Amino acid sequence: AQKITQTQPGMFVQEKEAVTLDCTYDTSDPSYGLFWYKQPSSGEMIFLIYQGSYDQQNATEGRYSLNFQKARKSANLVISASQLGDSAMYFCAMREVYNTDKLIFGTGTRLQVFP
Amino acid sequence: DTEVTQTPKHLVMGMTNKKSLKCEQHMGHRAMYWYKQKAKKPPELMFVYSYEKLSINESVPSRFSPECPNSSLLNLHLHALQPEDSALYLCASSQALAAGGDTDTQYFGPGTRLTVL
């Protein structure tokens, strides 16, 4: 079974609008971490935001926020005020406490921001 | 500073060549990783070094040989590769927290785009 599922292969958003990228996960570990990475066409994987399974509040980093719904096992990334430079591939990933050396990636969502 | 550097940025090699990819970090991280990424796919883990010891080998063919000379450096030696090994090779590093380290964030380098002819 897929541990990380990203159901949106591609998304479009107009500049200055907000966009939500979906991510659901599956784990029986009581403790885990959820990560979002951005990968522009240049190839580098850029760390955006982290959410711990025991964190009570949703993580935020500038224009990025993580909508964490533990009961639904979802960890959606919200990008506010989209910019043209946000056009990239976005990967959701999970790290389980008993498998700490491995980062499990979803299949990614390609976001395109248009003027 | 969360910089991981990789050299070279691009590499073209023949199937009989021997080459090496290099990765360096100066964040004091004690875990380093090699990933392989094909186009439009997520990265696939190849190797993990933790405290300079190989802790994970994801059944990678022996034509790929990792080396961790010290805590800041990670090499990937390539020999007798196949055209299907053409991919983006990403290096990453993390603090390598002890058990319970779900917060251990991996920071990636810019990658080496490898083409095998």
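Thresholds applied
Residues numbered from 1 in each chain as written. Chains lettered and ligands numbered in written order. Predicted model: local features only at pLDDT ≥ 70, side-chain atom pairs only at ≥ 80, totals over all residues. Heavy atoms only, no water. Pairing = 2+ DSSP bridges. Helix = DSSP H or I, 4+ residues; strand = E, 2+ residues; numbered from the N terminus. Axes fitted to C-alpha atoms, helices over the stretch in contact; angles between N-to-C directions. Phe/Tyr/Trp six-rings, centres within 6.5 Å; stacked < 30°, edge-to-face > 60°. Buried < 20%, exposed > 50% of the residue type's maximum accessible area, 1.4 Å probe, protein only. Disulfide = S-S within 2.5 Å.

Student: Which residues make up the sheet that holds strand 7 (residues 64-70) of chain B, and what are the values?
Tutor: Backbone-to-backbone hydrogen bonds join strands into a sheet, with any given pair of strands oriented parallel or antiparallel. Residues and elements named next belong to chain B. Taken in spatial order, the four strands of this open sheet run 1-3-8-7, and their pairing is antiparallel. Edge positions in the sheet fall to strand 1 (4-7) and strand 7, since each of these pairs with one other strand and no more. Here the average twist between neighbouring strands, direction ignored, is 20 degrees. By the bridge criterion, seven bridges tie strand 3 (residues 18-25) to strand 8 (residues 73-79) in an arrangement that is antiparallel. Following the sheet pairing, Lys19 is matched in strand 8 by Leu78.

Student: So what's going on with the packing of aromatic side chains? Residues and values would help.
Tutor: For the coordinates displayed, the defined rule picks out 13 aromatic pairs over all chains. A ring pair is formed by Tyr37(A) and Phe105(A), whose centres lie 6.1 Å apart and whose planes are at 50 degrees; its orientation type is tilted. You can see Tyr37(A) sitting in strand 5 (residues 32-39) and its partner Phe105(A) sitting in strand 11 (residues 104-105), a full 68 residues away along the chain. Accessibility expressed as a relative area gives 10% for Phe105(A), which makes it buried. Considering the side-chain rings of Phe64(B) and Tyr89(B), the 5.9 Å spacing of their centres and the 35 degrees angle between planes classify their relative orientation as tilted. One end of the pair, Phe64(B), is in strand 7; the other, Tyr89(B), is in strand 9 (residues 87-94), and 25 residues separate them in sequence. We note that Phe64(B), like Tyr89(B), is buried. Taken together through their ring pairs, the aromatic side chains of Phe35(A), Tyr37(A), Phe47(A), Tyr50(A), Phe91(A), Phe105(A), Tyr33(B), Tyr35(B), Tyr107(B) and Phe108(B) make up a single cluster.

Student: Give me the state of the cysteines: which residues, what numbers.
Tutor: All names here are of chain A. Taken as a whole and assessed by the stated rule, the structure comprises two disulfides over all chains. Across the disulfide, Cys23 is cross-linked to Cys92 (sulfur-sulfur distance 2.0 Å). In this structure, the disulfide formed by Cys23 and Cys92 twists by about -65 degrees around the S-S bond and is classed as left-handed. On the criterion of sequence distance, the pair formed by Cys23 in the loop between strand 3 (19-21) and strand 4 (24-25) and Cys92 in strand 10 (residues 88-96) is long-range, its members being 69 residues apart. Among the residues examined, Cys92 registers a relative accessible area of 0% and is labelled buried.

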